[in-house]
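Secondary and tertiary structure notes
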Amino acid sequence: MRLFDMPPARFADDPSLRSGFRICRLFIFILLAALAGCGADTDYRPVDFSSRVLVEQPEGANADTDTLRVAVAAMISPKETFGYYRDMIDYIGKNLGRPVQLIQRKTYGEINELFLKGQVDLAFICTGPYAAGKYVYGFEGIATPVVRDKPFYQSYLLVNHKNPYQTLGDLRGKIFAFTDPESNTGTLVPTFWLSEIGETPASFFRTVNYTYSHDNSIMAVARNLVDGATVDGHKWEYYNKQNPVHTARTRVIRKSQPLGSPPLVAAIRLPVGVKTEIKRVILSMHSDPAGKAILEKLMVDRFVTPKDEWYEPVRRMIARVNPKLDHALATQKP
């Protein structure tokens, strides 16, 4: 079940766009691959998902009942994702006294499927899938990160710093980049913005490409490979502070309303006692010097218990963009 009735190739379904879409997509990712080796400014690495980072994969519904299986989607490149989450996941395992297994997947949809199959216990997911799918896929919110004193984040609309675009309207007929088909900041928000003016991505943009990571989208805008993109504001701010080589070549021309930050979720089937212990460890990280050091590296102040109302604006956007899905989700609620 997707947030939108638009698979990744949807925008190429129109015969008048198909050829240009394929050529543009191929051209962009050939350039991204080539640029990855062009000098020192390559911390944002394009992802070739035909060659994945070697991480342990789940075997069967529950190969080891003691191992805590934690999944993440590669919304930053696989290497960056591994480094970004590894210390936190190790910290959780150490404080629980349990081995942990980091499972990486390309998309949020794949993470959802792991929950359906009982092959994952915890996951760092996007706000969109959390708001849309927690009743369907069987997970519940454990903790939400607080960044810059708020449990919220925003979608940033980016353009190249040398281009004259000032508003979303200036990008009509241009080339645009989405991240994941089920991403809140990378796909849902701009689709919602367009719906407010009676447009769809297919009618408004000349071409839409999926980059499958926020760092790829940032780099595509910075390199002028696309005219615009929307990304997770937390990720943009993180890179802008840690190494702004690409973010410095972008301008933020619009921000969404504050939305509940992407949460850590747990499978509903996980024993209550285990979930309680995980919450204890995560919610107290900022009080422990070792935990605080990990959070500071990630630019996270602390974790707090998520509140349902933080994610209501996302549900309203889904209802506007995809009423059929909204109705289906309503019937799934307990």
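Before reading further, recall that the structure is shown in the block above.
Residues numbered from 1 in each chain as written. Predicted model: local features only at pLDDT ≥ 70, side-chain atom pairs only at ≥ 80, totals over all residues. Heavy atoms only, no water.

A look at the packing of aromatic side chains
So the rule is basically this: The criterion for an aromatic pair is that two Phe, Tyr or Trp rings (for Trp, the six-membered ring) have centres within 6.5 Å, with stacked assigned to planes under 30 degrees apart, edge-to-face to planes over 60 apart and tilted to the rest. Buried means the residue's accessible area, taken with a 1.4 Å probe over protein chains only, is under 20% of the maximum for its type, while exposed means over 50%, and partly exposed covers the values in between. For a lysine, the NZ atom is tested; for an arginine, the CZ atom; a charge sits over a ring if that atom is within 6 Å of the ring centre and within 35 degrees of the ring normal.
Scanning the model with the defined rule gives eleven aromatic pairs in all. Here the aromatic rings of Tyr-137 and Phe-139 are separated by 6.5 Å at their centres, their planes lie at 10 degrees, and the arrangement is stacked. Neither residue differs from the other here; Tyr-137 and Phe-139 are each classed as buried. Above the face of the Trp-193 ring, Arg-254 is positioned so that its terminal group lies 4.0 Å from the ring centre.

Comments concerning the pattern of salt bridges
To keep it simple, the criterion reads: Throughout this description, the term salt bridge denotes a Lys or Arg side-chain nitrogen within 4 Å of a carboxyl oxygen of Asp or Glu. The helix and strand labels rest on DSSP assignments: H or I over at least four residues marks a helix, E over at least two residues marks a strand, and numbering proceeds from the N terminus.
Enumeration according to the criterion identifies ten salt bridges in this entry. A salt bridge links Asp-87 to Lys-297; the nearest nitrogen and oxygen atoms lie 2.4 Å apart. Separated by 210 residues along the polypeptide, Asp-87 in helix 2 (residues 78-96) and Lys-297 in helix 10 (residues 289-297) bring together distant segments of the chain. According to the relative accessible area criterion, Lys-297 is partly exposed, its value standing at 43%. Of the charged contacts, one joins Asp-121 and Arg-269 as a salt bridge, the two residues approaching to 3.2 Å between their closest N and O atoms. One end of the pair, Asp-121, is in the loop between helix 3 (108-116) and strand 3 (122-124); the other, Arg-269, is in the loop between strand 12 (264-267) and helix 9 (272-283), and 148 residues separate them in sequence. Of the residues examined, Asp-121 reaches a relative accessible area of 4% and is grouped as buried. Judged by relative accessible area, Arg-269 falls into the partly exposed class, the value being 44%. Bridged by salt links that share partners, the residues Arg-69, Asp-121 and Arg-269 form one connected network.

Regarding the sheet that holds strand 3
For clarity, the cut-off: Strand pairing is assigned whenever DSSP identifies at least 2 bridges connecting the two strands. The axes are straight lines fitted to the C-alpha atoms, using for helices just the contacting stretch, and the angles between their N-to-C directions are given from 0 to 180°. Residue contacts follow a heavy-atom distance rule, with two residues in contact if any of their heavy atoms lie within 4.5 Å.
A sheet is described by the order of its strands in space; here six strands give the open sequence 2-1-3-12-4-13, paired in mixed fashion. Whereas interior strands pair on both sides, the edge strands pair on one side only; in this sheet they are strand 2 (100-105) and strand 13 (302-304). The mean angle between the axes of side-by-side strands here comes to 25 degrees, regardless of whether they run parallel or antiparallel. Along the sheet face, helix 4 (residues 127-137) touches strand 4 (139-146) and strand 12 and points at about 155 degrees away from the line of strand 4.

Brief notes about the pairing of strand 1 (residues 68-73)
Among the six residues of strand 1, six are classified as buried, and the element is accordingly described as predominantly covered. Every second residue of strand 1 is oriented toward a common face, with Leu-68, Val-70 and Val-72 on one face and Arg-69, Ala-71 and Ala-73 on the other, all of them buried. Sheet analysis places strand 1 next to strand 2, joined by six bridges and oriented parallel. If you follow Ala-73 over to strand 2, its bridge partner there is Arg-105. As paired strands, strand 1 and strand 3 are joined by three bridges and run parallel to one another. Paired with Val-72 across the bridge in strand 3 is Phe-124.

Things to note about the nonpolar core
To keep it simple, the criterion reads: To form a nonpolar core, buried Ala, Val, Leu, Ile, Met, Phe, Trp, Tyr and Cys residues must be joined to one another through side-chain atoms within 4.5 Å.
In terms of nonpolar packing, the biggest core is built from 43 residues, with Ile-111, Phe-115, Leu-168, Leu-171 and Phe-205 touching the most fellow members. Considering each element in turn, this core owes the most residues, five residues, to helix 5 (residues 184-196). The residues touching Phe-115, leaving out its near neighbours within four places in the chain, are Val-120, Asp-121, Leu-122, Ala-123, Tyr-137, Gly-138, Phe-139, Val-265, Ala-266 and Ala-267. Ranked by size, the runner-up nonpolar core spans 29 residues in total, among them Leu-102, Phe-124, Ala-266 and Ile-282.

Let's talk about unusual backbone geometry
In this structure, Arg-148 takes a positive phi of about 55 degrees despite not being glycine. Of the residues examined, Arg-148 reaches a relative accessible area of 43% and is grouped as partly exposed. The residue Met-299 is not glycine, and still its phi comes out positive at about 60 degrees.

Digging into the sheet that holds strand 10 (residues 250-255)
On the basis of which strands lie adjacent, the open sheet formed by five strands has the order 8-7-9-6-10 and mixed pairing. Each having just a single partner strand, strand 8 (207-210) and strand 10 make up the two edges of the open sheet. Within the sheet, the average angular offset between the axes of one strand and its neighbour, ignoring direction, is 30 degrees. Looking at chain direction, strand 6 (residues 155-160) and strand 10 are connected through five bridges and run antiparallel. What sits directly across from Leu-158, in strand 10, is Val-252. Lying on the sheet, helix 5 is in contact with strand 6, strand 7 (175-178), strand 8, strand 9 (228-232) and strand 10; it crosses strand 9 at an angle near 125 degrees.

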